[in-house]
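Descriptive analysis of the structure
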Amino acid sequence: MEYIADLHIHSPYSRATSKESHLAGLAGWAAVKGINIIGSGDFTHPAWFKELKEQLEPAEPGLFRLKSSCPASSPLSGMASSAGQVRFLLSAEISCIYKRHGSVRKVHNLLYVPDLDSAERLNRRLAAIGNIVSDGRPILGLDSRDQLEILLEEAPEGFLVPAHIWTPWFSLFGSRSGFDSMAECFGDLESHIFALETGLSSDPAMNRLISGLDRHALISNSDCHSPAKLGREANLFNTGFDFFSLRDALKTNSRLSFRGTVEFFPEEGKYHGDGHDSCNVCFTPDESRSAAGICPVCRKPLTIGVLNRVMELADRAEPLFPPDAPEVFSLIPLQEVIAGIHGCGVGTKKVLQDYATAIRIFGTELGLLLQTPLEVIGSHSPLLGEAVARMRSGKVIRQPGFDGRYGIISLFAPGELGTTKGRAALFTG
């Protein structure tokens, strides 16, 4: 069957995460977004693991659903919820900080397992290494290679995916503390890594500039700290609806079973460009090199972003995709699309009202953005139809993010829609 999976999220036990990211809240928003499988997040945290055991029950092989005693309502008032159809897949993220080859490495890795017993065994091993109680994403003095070995020993059916692999501060290839190759990080166990998470600031085309990543599937997830952010990046499958078929689709890395990914336009990611947020300096890689990597305002080293780091490791001038490569769909979250039309913030009342109306008309957010025919969208809202048409064709205005500041992707030029006061209602009728 065809389905959508967002496999990297966080629970309320992770720092800077919404209290609404409880299991019912996640399931409710997943249904609104059109997501069928979500990662549980944070199974290493004892309190969250207790909630997982109490509120979830086994469903399809390796997947879990909310118990009937823990129903999830729609986060949109007045709408019925299909959250009971949402499945959870056990996941966790570990922040590994350790010394290798004379340098301090800071790498985040995602763990996926098919059952609670495997998660419990992993938790016991990790608790003996460091503190897994203080944060849903624990920080451990554990080499990534050794973490992979522990996973293979305690959960041989599970798998490890390096997280947001280009983020400057905490990732496999990060400019501040990463490695230059997979082998350098995982050594003799490198062959057990078959998928990589690209992160919000890169897309598959950027990653396919590097021949050393050719054999790896490229997955995309929201890494959300609030359930409303679910699905800003996600994965599309056409395979068995279970843990093992999903895993094997990633191993095969063919469009027949791993259909594609939903992506940010990479410039929207908050580490795409180089720069200093506090100095309001954003540079391209060429501009950074001309400045010798030094901020012209404060005279301190720039934070080197994802694009620059990708170009440093690239050994191709153009990306190389095999004929059966998963497709790539670059999208803008629906609330951002509506906010851009109205010329106001994503959290304003009119945006939230129009968002709810759109879901009521079209069913789910990702269904609307990916599949609904443009003429159908336009029959309800000509402006929204035009916005989605531009987004699907990549006709967007890009202002890159840098040094922790999100970029801005616009569908209409300044003044193109007239003044905010003079704009018509988004939906007709």
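A brief look at the structure comes next. Just so it is clear, the structure is predicted and the values come from calculations on it, not from any experiment.

**Things to note about the overall build of the chain**
- Counting its regular elements, the chain contains 14 helices and 18 strands.
- In summary, the chain has a C-alpha radius of gyration of 21 Å against a globular reference of 22 Å for 429 residues, a match within 12%.
- Seen along its three principal axes, the alpha-carbon backbone of the chain occupies a region of about 60 × 60 × 45 Å.
- Taking all 429 residues of the chain together, the buried fraction comes to 55%.
- Excluding contacts between residues fewer than 6 apart, the proportion of contacts in the chain whose partners are at least 24 apart in sequence is 69%.
- Carbon and sulfur atoms make up 53% of the accessible area of the chain, which totals about 17200 Å².
- The chain carries 42 positive and 49 negative side-chain charges, and their two centres are separated by 5 Å.

**Digging into the nonpolar core**
- In terms of nonpolar packing, the biggest core is built from 98 residues, with Phe 43, Phe 88, Trp 166, Leu 172, Leu 230, Leu 334 and Leu 384 touching the most fellow members.
- Sequence-distant contacts of Leu 172, defined by excluding residues within four places in its chain, comprise Val 107, Pro 162, Ile 165, Gly 178, Phe 179, Met 182, Cys 185, Phe 186 and Leu 196.
- Ala 5, Phe 159, Phe 194 and Leu 250 belong to the second-largest nonpolar core, a separate cluster that totals 22 residues.

**Focus on helix 14 (residues 382-393)**
- Its 12 residues give helix 14 an end-to-end C-alpha distance of 17 Å, which sits within 8% of 16 Å, the value for a rise of 1.5 Å per residue.
- The complete set of buried residues in helix 14 reads Leu 384, Gly 385, Ala 387, Val 388, Arg 390 and Met 391.
- Looking at the buried positions of helix 14, the neighbouring elements they touch are strand 16 (327-330), helix 10 (334-342), helix 11 (349-362), helix 12 (365-370) and helix 13 (374-380).
- Trailing helix 14 by a residue or two, Gly 394 shows a phi angle of about 75 degrees, which is positive.

**Notes on unusual backbone geometry**
- The backbone phi angle of Ala 16 is positive, close to 55 degrees, even though this residue is not glycine.
- Along the chain, the position of Ala 16 falls in the loop between strand 1 (2-6) and helix 1 (23-33).
- Overall, the relative accessible area of 76% leaves Ala 16 in the exposed class.
- The backbone phi angle of Asn 280 is positive, close to 55 degrees, even though this residue is not glycine.
- Position of Asn 280 among the secondary structure elements: in the loop between strand 14 (274-276) and strand 15 (281-283).
- Among the residues examined, Asn 280 registers a relative accessible area of 56% and is labelled exposed.

Parameters and conventions
Residues numbered from 1 in each chain as written. Predicted model: local features only at pLDDT ≥ 70, side-chain atom pairs only at ≥ 80, totals over all residues. Heavy atoms only, no water. Helix = DSSP H or I, 4+ residues; strand = E, 2+ residues; numbered from the N terminus. Rg over C-alpha atoms; globule rule 2.2 N^0.38 Å. Buried < 20%, exposed > 50% of the residue type's maximum accessible area, 1.4 Å probe, protein only. Contact = heavy atoms within 4.5 Å. Areas by Shrake-Rupley, 256 points an atom, 1.4 Å probe, with all protein chains shown as cover. Lys, Arg positive; Asp, Glu negative; His and termini not counted. Charge placed at Lys NZ, Arg CZ, Asp CG, Glu CD. Core = buried A, V, L, I, M, F, W, Y, C linked by side-chain atoms within 4.5 Å. Expected span 1.5 Å × (residues − 1).

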